[in-house]
Every structure is written in C-alpha cells, then in structure tokens.
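# Descriptive structure summary
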Amino acid sequence: MERRAGPTRPALIVVDMINTYDHEDAELLVPSVERVVPVIAELIGRARDADVPVIYANDNFGLWRSHHGELVESALARPHADLIEPIRPDDESLFVVKARHSVFFETPLSYLLWSLGVGHVVLTGQVTEQCVLYSALDAHIRHLEVTVPRDAVASIHPHLASAALEMMERNMGARINAAKETEFT
C-alpha cells in the first residue's frame, strides 16, 4: 500500500495506561507507573501541541461489551484514579482496544497508522518487559521506526525491563532515549 503522507510522520502510542490496577502484579507495577505518569503526560502535551496523533492502545480486561469510555470511567472510579487523570484521553485522542500483549495483534492499528501516514511510533506506557516489548517487535516487523523513551515506560521487574530495552535497541533498531530527547517532527 502507498502511504497518504510522509513515511516518517510520528504518532505517540500510549500502551495500557488506562488501568484499574486491581490485577496480580499491580503492587509491583504501581510505583513504576507513579514515576512515568508525569513524563507520559508531558509527552502527550507535546504531541498534541505538534498536531501528532495520540493513540491509546489499551487492554479491555476481558470486558468484551465495553468501549474506551467505559474503560476510562472504570479506571477513574478506582483507587488509582490519580494515575489516570493526568493522561486521560481527550476528544481528539484515538483509541484502539486490544486483547493481547501487542498493540498490533488483531487490532486495526496497522491500518490506522497507514491511513494517518505514520511511519514512526513513539511507544510509552506499560509494561516495558511485556506489552511494550511485543508492540515494538510488531512495529519493527511492519517496517515502522520505533522510539521508546526509557523514562516513559513502566515495569514490573526492572531487570527484565532493562533487558527488554536493550533487545529493542539491538534487535529491532529502536531508538531508546529520554522523553525530553523525543522529537515529534
């Protein structure tokens, strides 16, 4: 397929950050999420200011009758609403519901990116050693440029997150940097 716009237009992808944190690994994950939420919020603001698409790709937690509004409202009604509010989708945000680890697995994300002329994805969110890693691999095999700001991804196991970031950089050619170094041009 031929792209409709320049092949390196960026998009910011926010992975699984709309979360109720009532799952098995939440206790290990929440401290890391607390550190990255302000960084992700700043990236979202910069992306919006640069007219870069902000796409939330979020697990539906097995709620097959739900839609993104329900997921957001459910997360905001739980004890960790303070982790959702700063990064809450606005009316211009795009939303893709996913059922497995990768943001691409059986979702319309590939088509959405193509239709927007996106050739470069900036992956933020959780969990570095799981969903972010698998999403980076799937982006790589789709010939998309990948950037992962290391301070904008949360982890459950820091040593596995470090290994995942190294794998993304070495094996997938991902740009691993600090959020302040991430450009939306």
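First things first, this report covers the structure right here in the doc. Quick caveat: nothing in here was measured; it's all calculated off a predicted structure.

## Structural notes on the packing of aromatic side chains
This model, assessed by the stated rule, comprises two aromatic pairs. For the ring pair Tyr-56 and Phe-95, a centre distance of 6.2 Å and an interplane angle of 10° mean the geometry is stacked. With Tyr-56 in strand β2 (residues 54-59) and Phe-95 in strand β3 (residues 94-98), the pair connects residues that are 39 residues apart, well separated along the chain. Classification of Tyr-56 by relative accessible area gives buried; the value is 0%. Residue classification places Phe-95 among the buried residues on the basis of a relative accessible area of 19%. Between Tyr-111 and Trp-114 the ring centres are 5.4 Å apart and the planes differ by 40°, which places this aromatic pair in the tilted class. Of this pair, Tyr-111 and Trp-114 are both found in helix α3 (residues 109-116), three residues apart, which corresponds to roughly one turn of the helix. Taking relative accessible area as the criterion, Trp-114 reaches 15% and is therefore assigned buried.

## Describing unusual backbone geometry
With omega at 0°, the peptide bond leading from Gln-126 into Val-127 counts as cis. For Val-127, the position within the fold is in the loop between β4 (118-126) and α4 (128-141). Positive phi is not limited to glycine here, since Asp-51 has a value of about 60°. Here Asp-51 falls in the exposed class, since its relative accessible area comes to 62%. Positive phi, normally seen in glycine, also occurs at Glu-106, with a value near 55°. When you line up the elements, Glu-106 lands in the loop between β3 and α3.

Calculation criteria
Residues numbered from 1 in each chain as written. Predicted model: local features only at pLDDT ≥ 70, side-chain atom pairs only at ≥ 80, totals over all residues. Heavy atoms only, no water. Phe/Tyr/Trp six-rings, centres within 6.5 Å; stacked < 30°, edge-to-face > 60°. Helix = DSSP H or I, 4+ residues; strand = E, 2+ residues; numbered from the N terminus. Buried < 20%, exposed > 50% of the residue type's maximum accessible area, 1.4 Å probe, protein only.

Honestly, it's all geometry; don't read function into it.
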